[in-house]
Amino acid sequence: MAKTITHAEAAEAFLKDADRTQWHDETLWHVRTKRDTAAQKLPEWEQLRENASKVKEYVLSHLDELLVTFEKNAKANGIEVLWAKDAAEHNQHVYEILQKHSVQNIVKSKSILTEECGLNHFLEDKGFDVVDTDLGERIIQFNKQVPSHIVMPAIHLKKKEIGDIFHTHLGTQQGADDPNYLTEAARNHLREKFINANAAITGVNFGIVESGGFVVCTNEGNADMGTHLADVHIACMGIEKLIPRKADLGVYLRLLARSATGQSITNYSSHFHRPRSGKKMYLILVDNGRTEQLGREHFRNSLKCIRCGACMNTCPIYRRSSGFSYNATVPGPIGSILSPGMDLKKHSTLPFASTLCGSCSDVCPVKINIHEQLYQWRQVVTEAGHDSAAKKWAMKIGGKVMGSPSLYDFLGKSARSALKLTPKKLVYSRVNTWGKSRDLPEPPKESFKEWYRKNRKP
Amino acid sequence: MSSKNEMLDKIAKNKPPKNTLPELLSFGSGERKEWLEQFSASSALNGGTTIVVKSWEEIESYLKSKFDLDKQTVSLSPDLNGNLDIASILDPHDLEKVELAILEGTYGVAENAAIWMPEEKLAHRALPFIAQHLVVVLESKNLLPDMHEAYRKIDVAASDYGVFIAGPSKTADIEQSLVIGAHGPRSMTVFILDL
Ligand code: SF4
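Note that the structure is a prediction, hence the values are computed from the model and not measured.

Criteria and thresholds
Residues numbered from 1 in each chain as written. Chains lettered and ligands numbered in written order. Predicted model: local features only at pLDDT ≥ 70, side-chain atom pairs only at ≥ 80, totals over all residues. Heavy atoms only, no water. Helix = DSSP H or I, 4+ residues; strand = E, 2+ residues; numbered from the N terminus. Buried < 20%, exposed > 50% of the residue type's maximum accessible area, 1.4 Å probe, protein only. Contact = heavy atoms within 4.5 Å. Areas by Shrake-Rupley, 256 points an atom, 1.4 Å probe, with all protein chains shown as cover. Pairing = 2+ DSSP bridges. Axes fitted to C-alpha atoms, helices over the stretch in contact; angles between N-to-C directions. Near = heavy atom within 4 Å. Nonpolar A, V, L, I, M, F, W, Y, C, P; charged D, E, K, R; others polar. Polar contact = N/O pair within 3.5 Å; in protein donor to acceptor, adjacent residues only side chain to side chain. Left-handed = near helix turned anticlockwise from the far one by under 90°.

Visitor: Now, about the overall build of chain A: what can you tell me, with residues and values included?
Guide: Per the secondary structure count, chain A includes 23 helices and 10 strands. Here chain A, with 458 residues, has 65% of them falling under the buried criterion. Taking the intrachain contacts of chain A between residues at least 6 apart in sequence as the baseline, contacts between residues at least 24 apart amount to 75%. Only carbon and sulfur atoms are counted for the fraction: they give 51% of the accessible area of chain A, which is about 16,600 Å².

Following this line, the structure appears as structure tokens:
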């Protein structure tokens, strides 16, 4: 049997390159601060989060009825709806649709779900040409990697490396690494792919129950370039992506881009309700472990996630260890509470890849109690007896720090102060994995300040 | 049992106790004058340009000065001229060489500069994406403060397809450097007609 790779082991390779680790850390922190600025501009921010959270809770507690209504309305719109209980069935559906329409060339826009289902490899093995069209995804597709971040898939690569990748695959000048030049090369290359595609596969950000349509958000416009030119559009959607009313989009679109990158909205928010005349639109509703997660009382809230990536950008461990170290489709804090539900043994160390500082929960636009769930997964891992690797990891990071009761204090404040007061000796002692190349994850000052400001008020 | 029934059964068994659906939120307030300023500022942050004009002639002379109008230009505005008859285009692939698309917007949202573009205003869904440059004309009386007001005003399901366009096609996937013109328009200019 293959040895389970711990998060700490996987992170080690990344940590070896100190410059890259620091760059990665700083870049994501910068994105996090842009998010803060955007959020602070809206006095109603907390009301939006509360509403977004409540609407999703309503969705989860009515999910069966809502899916039935959604399907009925979508079908009335001329969209063909398919159900898939797992990744294999999802992939099979896609395959059959492609065969039925004699599709050879496929363009894809970003879909974390198809990544989760391993769709690209499945189709490539069957001889299809599958082209990821999101620039970041195309880069890593050339480089035979998977995304290291759900919003910024190629954030682990430096422009010099991307220049080399493009030199090999697109014939750009050797050593050229100007982002404008490289993007132009990709643009020309992908235009041709768009023009020649017979089918476009997209993800779905929101499925609207009352109107039977769905929304896809991009900045590049690649989902639209694909779907409006190809004869067949296949949209792949996790069943938790529903929202009841059209007007709920007002809340989610205001939160999504601000949380993700600090933009007020993505440049394109496309609403699909009916196919172009004479063309085909398919919607695949995918379970793949979601109905099971729904049954886990302490963890079902993770299904509220709108995949903004904010919890990754703010996480001191993610920023320093990169997405690959999680060895899962969705990395970072949210990935660490989703993945153990898919395969507890394989992902048993992930709930320990956290300082439990609570910054993830603070920034989450749908108010998922991420750090509490991480703590609860630790109990589950221990009970299931998969905890030896995980415990070793906790020992490595410094038994005293992770074992400190104050770290498990969910008020957040004491955990953060505990981290702040960690003596240098412990930080740089050899038992600390992170201290090996860096210092301890700095306590997230900003979010502590936020916390303090809120709680200081009478 | 079909996958659909299997999934629905599992949900029925596993779902939490019923929660209630909260009321829709609403905040919109302020003056139209403020909305105009807010729109321009948001549009600039999204990588676009907003120009407030008093007449169609102003738009025309701006377009002449900024774009090579001898290249393929599609105008869906009766008040501005193009040189490609959109009615002659049956297959959107034939829009590949369009240099400039001039469209009329419906409503614009001040907080984020998003303009609602339903299919009826596009002729082809692909047009605002495949064109090298995009121009949208919007009347100032059709500005709305925020997305809540936008969804109150617009029935997004009334059109087979519709899109909020807030700026040109952009990416930051290479070391987080902003590049305009990822796949679609390399520029977006919004004329706000303040009559
Ligand atoms: S858990 Fe929350 S913060 Fe993290 S990606 Fe999902 S919605 Fe965003």
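Moving on, there is more to tell.
Visitor: Go over the sheet that holds strand S2 (residues 105-108) of chain A with me, naming the residues and quoting the values.
Guide: Note on sheets: strands pair through backbone hydrogen bonds, and any given pair is parallel or antiparallel. Residues and elements named next belong to chain A. Pairing is parallel in the open sheet, where 6 strands are placed in the order S1-S10-S7-S4-S2-S3. Edge positions in the open sheet fall to strand S1 (80-84) and strand S3 (129-132), since each of these has one partner strand only. The sheet shows a mean angle of 20° between the axes of neighbouring strands, direction not considered. Of the strand pairs in this sheet, strand S7 (residues 232-238) and strand S10 (residues 280-286) are connected by 7 bridges, and their pairing is parallel. Along S10, the bridge assignment pairs Gly238 with Val286. Packed onto the sheet, helix H4 (residues 63-76) meets S1, S7 and S10 and runs at close to 150° relative to S1.

Visitor: Give me the lowdown on the site of the ligand, citing residues and values where you can.
Guide: Around the ligand, the surrounding shell holds 13 residues, and the nearest of these are Cys305(A), Cys308(A), Gly309(A), Cys311(A) and Cys364(A). In terms of residue class, the shell around the ligand is made up of 11 nonpolar, 1 polar and 1 charged.

Visitor: Quick one: what's the story with the side chain of His189(A), residue by residue and with numbers?
Guide: Residue and element names in this part refer to chain A. With respect to the element layout, His189 can be found in helix H10 (residues 179-196). Owing to a relative accessible area of 15%, His189 belongs among the buried residues under this scheme. A polar side-chain atom of His189 sits 3.1 Å from a polar atom in the side chain of Arg138. Those residues in contact with His189 that sit more than four places away from it in its chain are Arg138, Phe142 and Leu170.

Visitor: Tell me about the packing of helix H9 (residues 159-170) of chain A against H10(A), and name the residues and values.
Guide: Between two packed helices, both the angle of their axes relative to each other and the distance between the axes serve to describe the pair. Residue and element names in this part refer to chain A. Relative orientation of the contacting elements H9 and H10 amounts to 35°, with a least axis distance of 11 Å. Here H9 and H10 pass one another in a crossing that is left-handed. Residues Lys159, Ile162, Gly163, Phe166 and Leu170 of H9 form the contact with H10, whose participating residues are Pro179, Leu182, Ala185, Ala186 and His189. For the contact of H9 with H10, a count of residues per class yields 7 nonpolar, 2 polar and 1 charged.

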